[in-house]
Structures are given as C-alpha cells and as structure tokens.
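# Residue-level structure breakdown
Letter by letter, the chains look like this.
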Amino acid sequence: MEKWVVLVMLLLSWKIREAFGAKAEITYDGRSLIIDGQRKILFSGSIHYPRSTPQMWPDLIAKAKEGGVDVIQTYVFWNLHEPQLGKYDFSGRNDLVGFIKEIAAQGMYVCLRIGPFIEAEWTYGGFPFWLHDIPGIVYRTDNEPFKFYMQNFTTKIVNMMTAENLYASQGGPIILSQIENEYQNIQRAFGTAGSQYVQWAAKMAVGLDTGVPWIMCKETDAPDPVINTCNGMKCGETFTGPNSPNKPALWTENWTSFYQVYGALPYIRSAEDIAFHVTLFVARNGSYINYYMYHGGTNFGRTGAAYVITGYYDQAPLDEYGLLRQPKWGHLKQLHTVIKSCSTTLLQGVQSNFSLGQVQEGYVFQEEKGGCVAFLINNDRANKVTVQFRNRSYELLPKSISILPDCQNVTFNTANVNTPSNTRIISPKQKFSSVDVWKQFQDFIPSFDDTSLKSNSFLEQMNTTKDESDYLWYTHRFENNLSCSKPTLSVQSAAHVAHAFVNNTYIGGAHGNHDVKSFTLEFPVTLHEGTNNLSILSVMVGLPDSGAFLERRFAGLISMQLQCSKGESLNLTNSLWGYKVGLLGEQLQVYKGQNSSGIEWRELGNIKEQTLIWYKTTFETPKGEDPVVLDLSSMGKGEAWVNGQSIGRYWILFHDSKGNPSQSLYHVPRSFLQDSGNVLVLVDECGGNPLGISLDTVSVTDLHQNFSKLSFPSSS
C-alpha cells in the first residue's frame, strides 16, 4: 500500500476518534432523541453518496455543517452494492464506509436508511434486478424468498458498520437506522400479509443489535421500539404524531423542492415556506427535521427512475454541483441558529397552545427556572396582522411564524428573508462547432435474421434486458398482403420511447410521459411488395421505483398492426418476433472511446438525417475549480460519457410546458477529468447536432458575498 494512502487513513481515523471516540448511548423519550443523557433538537440533511463523488463529499458535508446541519442522512443503494447475487461493490462512489467516515471526521452524526427498498427516484427503487428472477418472490410482503434476501443484505450492511465501529454505541457517528421505506403507501394491497411483514421487518432489524434506534417513515403502526416518522412538505400540519407517548416526533423527509421528470418544469419551493413548516414542527414538539434533499446531486449512468431527469433536486440548499442556493441555504442557517439558541427550554419546558386570532395561534414553552420561548403564528397567506401577546403588540407577516427565544423579543420571522439571493453564472469554455473535431459511428439496425432470441408473442422488456440496457429491439419479417400502398403502422407501448424502422429506413418515433402507462406510435409506411422487415427499438428511461407488486410490472410493446384506410388491417402482435438486447455500440463499449475491432469511426455525416449515431471528440479540462458542465441543448436523446464514465441520460427533445428542455446542462465532475485529452462520447437516438455542444463552467454570485467560494474547515 502506498505510504500516502496509509497516512490519509491514519489521519482520517484520528479525526474520527477526535470527533467521537467515546461510546454514546442513544435512547429516546416522548420529546426527542437522547444522546448520552441529553435531549437534542437535530437538523439533518440528505446527501446521497453515489449522486456525487468522493472528491465532492468533504465540501458538501462541510457546507451542510456550516449551514447548521447536525446529521447527514443517506439511503443505502442495494443495486449498486450487490449488482450480482453475492458479488459486492463498495468502491468509488459506492464507498459507503468512506462516506460515513468523512461525516464522522467533520463531527457530524449519520442517519442510515438501509431500506433496503428506498424508492428515492432511483431505478427499481434500489432493488437489484436479479431479485426479480428469484423463484416465487413477491417484494415487500410476508414472502419467504424476499425476506431471506432482504435480511441478508440488511445484515451485510449492519455487519459492515459494526466492523468499522460506526454506530454511536461503538463510538461512531450513526445515531439512527431505517428499515423499509414509506411502506404505508402500499400496505393495504397486501392485506394481512402486509401487517405481518411490518412486524417481521421491525423484529429483524432490532434483532441486529446496533445499539441505536430504528425508524420506519410513513408507517403509523411501526412496532415498538421502532419509531414511526413523517415524510412530506408540511409535517407540522399533516403528521398524526408518534404512535406511542414514549416516542419523539421525527421528520425524515422535508422536501426542499421536488424531483423533476422529463417534460416537466422544476418545482420551486421558497426558503420562507420551508422555514415556516420547520418552525411549526418544532413548535408542535418536533425535535428532528431532515431536509430531503440538502444536496440532490446527479443520477449518473442509468440510475434515475422512470422519466426522472439526470439532475436531482437541483433546487436544494446545495444545488446539483454543490454550490449554495441562496437565500435557501442562508435563511435556514439563521433558523437553525435561533432554534438551537433556545433548545434547552424547548426540550425541557412545558408546552402550551393558545389562540391569537381567527387564523393566528401561539405556542409557549415555559421552564420552572424561568426560561421561556414563544412561537407566534399567522396562517393568513394574504395579510399581515398585529397580535397581542403578554401585553405587547407584534406584527406578523403573512403566512409566517415569529420566534421569541425569551418570550419578548422577535429574533427570527420565517417570512423575513435577509439573506441575499445569488445568481447562477454559466461561463463557456470550449465549443465543438467544427466538423473536424468530431468522429461518428453508425449503430446497427437489426432485422429478424439478425436475432437469435425468438418468441410468438411480445416479451416483457425489463425481464428480457435484465436492466443491462435501456434498449430492446423487436424485429419481425412479414409478407405484405395488404391492398393499400401506404398503410398506417400503429404500435402501442408500455415502455417510454419507441423508434420504428421499416426495411432499415427510419419511419419515426414517439414517447410517453411520467403520468401515463402507455403511448401509441402511428406513422404511414411504404412497404415493399412481398417480404418486409420491421424493427422497433423500444426504450426505457429508468425502471419504475414504487408501488405494490413491483416484480409484476410490465414494460415493452403491447400491440402492433398495419391498417389501411378502408378498414383492412394486419395484426402483427402474436406473430413470430425476434429480439436483441441493447445497441451494438454498447456491446462494443464504444463509450470508452477506444479504437477496438468492430468500431469504425468516420467523419461527421449529414447530421439532419442521422439516427442511432455515436459521436466522439476530445477536450481540455477548464482551469480553476468551478464545476464543469456540458451544454447539450442541441442534442436529441441519449446518454453521454466522459473518459468512459457516464454522466447520465439526456433528453433534450422532450420539452416542458414552456417549450424548453427539462434539462440542458449535464454535470461532469472534475474527478472524471484528466489533465488533458478528455474523451467525450455520446449516443443520440435521433435529432442531435453535436456541433452545438459547448463545455462550460458554473459559478454563483451573491450580492454581498460569494458563499460558494467560502473555504470551510474539514473538521470541527
């Protein structure tokens, strides 16, 4: 082992011992989590380790800590860690232990949401697809095969954490673990077996003896001692509360915006609204609030769920690239400071609630020793009001809460934002507008004779591809016996996109959207007399990530026919079909940019008429430290790789209601880059013009101070 690696590991171990070291007892009562006998109000932020890079982790964690966050919360991504049954991967972005140790080194706690079902807008809800092929399996219910593999993976993760002394009971940072995820959303579908499964999951988790509490979010019947928690935007209003007076009110997902899908606009949630609902939750005895997400990051590769864009929760306090999004970051930091300044009274005082008007109310926490905290709430969205409290007048802004840490003076109002907004700046660094810098590779359009897999009916796509590719070819050869010269091809699909080729000629494509389960492709086609070849490329843009009976979900083609205007038709649905998984370029690993056998890179052709084309070029790494992005707004739909690493799917042609792509900038982490000679490879299904691509950097500018340039300490 290299000496510098040993030194880094020793330094990290020393920092962890310095930050924690002593074993901590984590318990709870009806008011809060209790760490070594002390009640705590904790602010938490979700940062998912595979949605960023190890090189980004220290900065992201430091910015969260500087923002007043105490806990980093993350899911555990089963399909990343066990992509094949019994074969595990915890390297690179999958280094869960390394991520947790970095959090510990900066003196913060961890909430580990093992699941192992996570949803998370992550393909297949985090399940590895091999699970689908286990005989007799039914996911997430009282099913022995599923419980066996779920327990096996959960135990694997717990044992890893234990071996590294990462639980607080061992001196580590993990103070909470989660089993299952939002199960109440689907529990009714399984009847009695669902309730039995909840009991089993809780008993199994607690039996692993981690020494820290377990939680179940959105599970009102979470069995003792597991704590039921709330997910949503307004848990101060919607949470029915802990299911036992001895459990605290915990909020595991306070959505700082919302995930975005292709074809949709971003959801913008204001700093004021987030602050209002956090404060309301605290006023109503909440003591743990997690921001989902605090940093969303990037769905690299093919990891996003169905239709989910590559950028994840870009509107979070830390944007996709890890830059501060103001005023959200700063306003919440101020809120955290104020709440923590009076946390002793909030955790020990007696709470009372009273009316201040028709839609105004107050909460007071009073200690016997004299400490007093008040929350004055105005629920009127349109009007500010003046209320009387303890013989004083207080003006409350519309839809706001004023915090009085001494029951006299207002130190924070949720609607009064004094953090300056910042602006994102895109700086072009390199254009790829010259034909000479590009090479292309034409992918292969298979016909029926090119396929070895055959079936007399349509095969289900996910079960056929095993999630090894987004693409599945359906091929058919038939005799044209129709009387009309130009029939209409009608294809109904339960996938996400379909491209039709007749006798190797591209006819057209169609796609669905996130809110419908199927779509139809219809185009007039010109057929040969006699034998014709039909090739349909069916495309998935991520697998489903939620719902009951996920293992039964169907994708791919549903029906197909050729129809003449006079009602004459030819139904091809139950004919003999040939199948081919993936593109030739995937098989040849074109995305690595290497000139291996079978790959013939050529000069750029006629861009307007090209389908299923791989493009390749090189570029230099921009100077500085600002995040790097590719502007792909001139492309169609496909995937992009830099130096062999996928930066995710792009889908420029799918416009939102304003006529714009849902995402045009795609993050290239600096750790993906070389000093020079970086290789960019893209596959484009249709409509892409690589001459319009540019390489840019991203920065943000504040009115008073560029917070994105702050150098935060790496440890406490």
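Residues numbered from 1 in each chain as written. Predicted model: local features only at pLDDT ≥ 70, side-chain atom pairs only at ≥ 80, totals over all residues. Heavy atoms only, no water.

### Brief notes about the sheet that holds strand S30 (residues 577-581)
Spatially, 6 strands are ordered S21-S30-S22-S27-S24-S25 in an open sheet, and the strand pairing comes out antiparallel. The outermost strands of the open sheet, each flanked by one partner alone, are strand S21 (453-455) and strand S25 (505-511). Strand-to-strand twist of the sheet, defined as the mean angle between neighbouring strand axes without regard to direction, takes the value 25 degrees. Two strands pair when backbone bridges link them, and strand S22 (residues 471-480) and S30 are joined in this way by 4 bridges, in the antiparallel orientation. For Leu472, the partnering residue across the bridge sits in S30 and is Val581. (Pairing = 2+ DSSP bridges. Helix = DSSP H or I, 4+ residues; strand = E, 2+ residues; numbered from the N terminus. Axes fitted to C-alpha atoms, helices over the stretch in contact; angles between N-to-C directions.)

### Quick word on the state of the cysteines
Applying the stated criterion across every chain yields a total of 3 disulfides. Across a sulfur-sulfur distance of 1.9 Å, Cys372 and Cys407 are joined as a disulfide pair. Negative torsions about the S-S bond denote left-handed disulfides, and the value of about -75 degrees found for Cys372 with Cys407 makes this one left-handed. Here Cys407 lies in the loop between strand S17 (400-404) and strand S18 (412-413) and Cys372 lies in strand S14 (residues 372-378), a separation of 35 residues in the sequence. An identical accessibility class is assigned to Cys372 and Cys407; each is buried. One disulfide bridge connects Cys484 with Cys564, the sulfur atoms lying 1.9 Å from each other. Between Cys484 and Cys564, the disulfide has an S-S torsion of -70 degrees and is therefore left-handed. Within this pair, whereas Cys484 is found in the loop between S22 and strand S23 (488-493), its partner Cys564 is found in the loop between strand S28 (557-563) and strand S29 (569-571), the two being separated by 80 residues in sequence. Assigning the bonded cysteines of the protein consecutive numbers by sequence position, one obtains the connectivity 1-2, 3-4, 5-6. Sulfur of Cys111: no disulfide; nearest cysteine sulfur belongs to Cys217 and is 9.4 Å away. (Disulfide = S-S within 2.5 Å. Buried < 20%, exposed > 50% of the residue type's maximum accessible area, 1.4 Å probe, protein only.)

### Considering the environment of Ser646
Turning to its location among the elements, Ser646 is positioned in strand S35 (residues 645-651). A C-alpha to C-alpha distance of 59 Å links Ser646 and Gly370, two positions 276 residues apart in sequence. Apart from the residues within four sequence positions on either side, Ser646 is in contact with Phe300, Gly301, Glu639, Ala640, Trp641 and Phe672. At a separation of 2.7 Å, a polar atom in the side chain of Ser646 contacts the side chain of Glu639. Within polar-contact distance, the side chain of Ser646 engages the backbone nitrogen of Gly648 at 3.1 Å. (Contact = heavy atoms within 4.5 Å. Polar contact = N/O pair within 3.5 Å; in protein donor to acceptor, adjacent residues only side chain to side chain.)

### Re the packing of helix H5 (residues 144-163) against helix H6 (residues 192-206)
Two elements in contact, H5 and H6, have axes whose closest approach is 11 Å; the angle formed by their N-to-C orientations is 25 degrees. In terms of orientation, H5 lies roughly parallel with respect to H6. In this structure, H5 meets H6 at a crossing whose hand is right-handed. Residue-level contacts link Phe146, Lys147, Met150, Gln151 and Thr154 of H5 to Tyr197, Trp200, Ala201 and Met204 of H6. Its residues assigned to classes, the contact of H5 with H6 comprises 6 nonpolar, 2 polar and 1 charged. (Parallel < 35°, antiparallel > 145°, perpendicular 65-115°, else oblique. Left-handed = near helix turned anticlockwise from the far one by under 90°. Nonpolar A, V, L, I, M, F, W, Y, C, P; charged D, E, K, R; others polar.)

### Some details on the sheet that holds strand S32 (residues 611-619)
In any sheet, the strands associate via hydrogen bonds between backbone groups, in a parallel or an antiparallel arrangement. Taking strand neighbours across the sheet as the criterion, the 6 strands line up as S31-S20-S32-S37-S34-S35 in an open arrangement whose pairing is antiparallel. Each edge of the sheet is formed by a strand with only one pairing partner; in this case those strands are strand S31 (602-603) and S35. As paired strands, strand S34 (residues 637-642) and strand S37 (residues 678-686) are joined by 5 bridges and run antiparallel to one another. Its bridge partner being in S37, Ala640 is matched across the sheet by Leu682.

### A few points about the UniProt feature "domain: Beta-galactosidase beta-sandwich" (unreviewed entry) in the protein
Under the UniProt annotation, "domain: Beta-galactosidase beta-sandwich" (unreviewed entry) lies at residues 362-417. Regarding residues 362-417, the helix share stands at 0% and the strand share at 52%, and the terminal C-alpha atoms are separated by 21 Å. (UniProt positions renumbered as here; feature names shortened; annotations may be inferred.)

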